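Examination of the molecular architecture
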Amino acid sequence: VIGRVVTSNNLINKGNGGSPAGTAMDHGSISRRSELLFGDKRLVRNPNNISSSSSSMQYDQLPPHYSNHRHYGRRAKVKQKTHESASPSEFRILHIVTSSTEYDNDQRGMKRKVDRFFGMLIPTLQSSVISLLLANTELDNNIEWHVDVYLILSYTPSQERKQVLQDALPSNVKITYWEDATPYNYNRNGPHVKNTQNKLTSNSLARQHRFVLRDLLYKYDFFCFMEDDMRITKHHVINYLEVSNRIDQWKDKASDKSKMNNAKFYGSLSKQQLERLVPGFIRVEVTPIADKQNYQVYPMPINLNFTTTTTATILNLEATSKNAPRIIKTSIVQNSQKRTVDVDVCCAIPASDTSQWSNDTALVERNPTSDQLLILESGIKAFGVHHFPPSSSSSTKITTKLTSNYQTTSSTKEINADWMGIMPGPKFVKPHEQIGEYWNGTSQVLDNDKDPTVKWPKPFANSGGYMGSRSQILHFDEMCRKQNTAFLPPFSGGGMETIHLNNVEFWNGGYQLFSGLKGGCNLQRILPLDVDGFSRSLLHRVSNNKQHTIVKGSLIQADTLLGQLNHLVIEASSVMEQEQNLSLKDGRVG
């Protein structure tokens, strides 16, 4: 068995060693930390699976199906190690990155022999980590974000190259390398050929991160898994946590009826429906030339006028009787203005970010305009919309002003804030678990086209990675096992035990988590449709190479999709209002 796990940072010695194990921390500490972080209950682990008196996490303390742990591929079995417990006010993030080549070849629009480790991986990782740590100076929630990095590489970089990466990151960021990590897969020469041989398969490199999650699940609070050219920022993580918190709010208020069936695109959902929801991301690239004529535009209006509602209430602070009403006046004002994708929260690189990408590796525009953002392999044809119950959201702006004995409170909310995009991905679930949606073909705008989200994975809108808290990772695995497959090792069911699924898009969290195809888990991604939430759901692929290797019909400008989704919300809102009015006339609650 070959392959090494090496940990390095400026505070500890470099050298060979096992993958660090999870740490058992005081359950009360985790709970207190969870209350501080957006009220996020997913960070609270199940104390029944943890021995609170133990200083290290043992395999037999995990749920039963995590026993008999083994690694596929060329990695030695790891040993458990003891780690210090995290502070209750610390939010520990593990950023996992896979890299399949140290030097680019001439495939996928890249230039041959260009140094990808120096020109792409290092600056992308540096920019991502620094942005995540900036949350410590910008969030007023008494939580300190800590970031460590885990690199899963198909190669072995020299110590000199590792030192360059270490010097590019803050000194307290620990880097762990899983080198020479390409796994074996059974050889597939055809559907009728017996698989008696195996071979190294670079397309399955992304599979190895599942073992990292399995080993370190109880050492960190939150996990980001990305390909080596995907840049993430603090805005992405904050947005993911906020949408996750909203899903939790909906679950708390949901019916416990096991088969409550709401096939509408609005109204209350059951817990069985809500447990399938996950915040989604869309991968975007920046084109150096903003040319609308070359990209797909389905026959649907593009409406970039977004309406906000401001509710102002004036209170008499000295009112003590019925003769002196406390509420003096309430006013509601609507305002509409044209808006586009906010590049500052998804794709622009701030002046304070000193990361330098190689000009030979990628043309990275530090200040792109919104009409330069291209969404890959998707479009409005693959999306639907759903109206969810009102919940707390950062899109609601509240201001308070005191004047003498009066208090004026203003609440401004974008109308789209309660709408979510239903992202594409073929699903095969029971009828009472399906999420109703107002599809863009509902009003025959797209003529007789069939909804491609049902059985067509082509416009899937891959994100190049995913995120999740500890409890969400466990939830992913639980939901996958209900579909006779598995997210965490040991893998079983759905054909996964034969290791035939050697597709990077499957293992990076896309096709497996968010589809019902072979080995799929049938989870449903949702996308915020207010401008701020939509913008923070776009992940920048800084290599910007795929736009040159796929047909123009598979590309759509981000502003175009945003405007068409907004039009769809306006249309769906009108239909919802009409149906609800009819229900009221008939004496029903719609």
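This text gives an overview of the structure that appears in the document.

Residue P490 is bonded to the preceding P489 through a cis peptide linkage, with omega at 5°. When you line up the elements, P490 lands in the loop between α8 (470-482) and α9 (504-507). Positive phi, close to 50°, is recorded for D180, a residue that is not glycine. Inspection of the secondary structure assignment puts D180 in the loop between β4 (175-179) and β5 (184-186).

With that settled, consider the sheet that holds strand β17 (residues 419-422). Pairing is mixed across the open sheet formed by 5 strands, whose spatial order is β9-β20-β17-β14-β18. Both outer strands of the open sheet, β9 (277-279) and β18 (438-439), are each paired with one neighbouring strand and no more. Examined bridge by bridge, β9 and strand β20 (residues 524-528) share 3 bridges and lie parallel to one another. Along β20, the bridge assignment pairs V278 with R525.

What follows deals with the nonpolar core. The biggest cluster of nonpolar side chains holds 73 residues, and the ones touching the most others in it are L151 and L165. Those residues in contact with L151 that sit more than four places away from it in its chain are V97, L121, L125, L165, I175, T176, Y177 and W178.

For the rest of this paragraph, the subject is the environment of G119. One can find G119 in helix α2 (residues 116-133). Classification of G119 by relative accessible area gives buried; the value is 4%. With 424 residues separating them along the chain, G119 and S543 place their C-alpha atoms 9.8 Å apart.

A few words on the sheet that holds strand β10 (residues 282-286). Note on sheets: strands pair through backbone hydrogen bonds, and any given pair is parallel or antiparallel. In space, the 5 strands of this open sheet follow the order β8-β21-β10-β13-β22, with mixed pairing throughout. Of all strands in the sheet, those bounded by a partner on one side alone are β8 (230-231) and β22 (555-557). Pairing geometry for strand β13 (residues 373-376) and β22, over 3 bridges, is antiparallel. The residue of β22 that forms the bridge with L374 is Q557.

Take the pattern of salt bridges next. Pairs may arise between side chains of opposite charge once their charged atoms sit close together. Scanning all chains against the criterion turns up 17 salt bridges. One salt bridge connects R536 with E242, and the closest N-O pair in it is separated by 2.9 Å. With R536 in the loop between α11 (531-535) and β21 (538-541) and E242 in helix α6 (residues 234-253), the pair connects residues that are 294 residues apart, well separated along the chain. The class for R536 is buried, based on a relative accessible area of 12%. As a salt-bridge pair, D532 and R339 come within 3.1 Å of each other at their nearest N and O atoms. In this pair, D532 sits in helix α11 while R339 sits in the loop between β12 (327-338) and β13, placing the two residues 193 residues apart along the sequence. Residue classification places R339 among the partly exposed positions, given a relative accessible area of 24%. Bridged by salt links that share partners, the residues D104, R116, D228, D229, E285 and R541 form one connected network.

Glancing now at the packing of aromatic side chains. The full count for this structure, using the stated rule, is 16 aromatic pairs. Both rings, one in F117 and one in F118, keep their centres 6.1 Å apart while their planes meet at 50°; by these two values the pair is tilted. Here F118 falls in the partly exposed class, since its relative accessible area comes to 34%. Summarising the aromatic geometry, the rings of Y220 and F223 are spaced 6.3 Å apart at their centres and angled 70° between planes, so their arrangement reads as edge-to-face. F223 matches Y220 in its accessibility class, with the two residues each being buried. Feature note: the residues F91, W145, F222, Y240 and F281 constitute an aromatic cluster, connected by ring pairs. Positioned above the aromatic ring of Y177, the side-chain terminus of K162 is 4.8 Å from the ring centre.

Calculation criteria
- Residues numbered from 1 in each chain as written.
- Predicted model: local features only at pLDDT ≥ 70, side-chain atom pairs only at ≥ 80, totals over all residues.
- Heavy atoms only, no water.
- Helix = DSSP H or I, 4+ residues; strand = E, 2+ residues; numbered from the N terminus.
- Pairing = 2+ DSSP bridges.
- Core = buried A, V, L, I, M, F, W, Y, C linked by side-chain atoms within 4.5 Å.
- Buried < 20%, exposed > 50% of the residue type's maximum accessible area, 1.4 Å probe, protein only.
- Contact = heavy atoms within 4.5 Å.
- Salt bridge = Lys/Arg side-chain N within 4 Å of Asp/Glu carboxyl O.
- Phe/Tyr/Trp six-rings, centres within 6.5 Å; stacked < 30°, edge-to-face > 60°.
- Lys NZ or Arg CZ within 6 Å of the ring centre and 35° of its normal.

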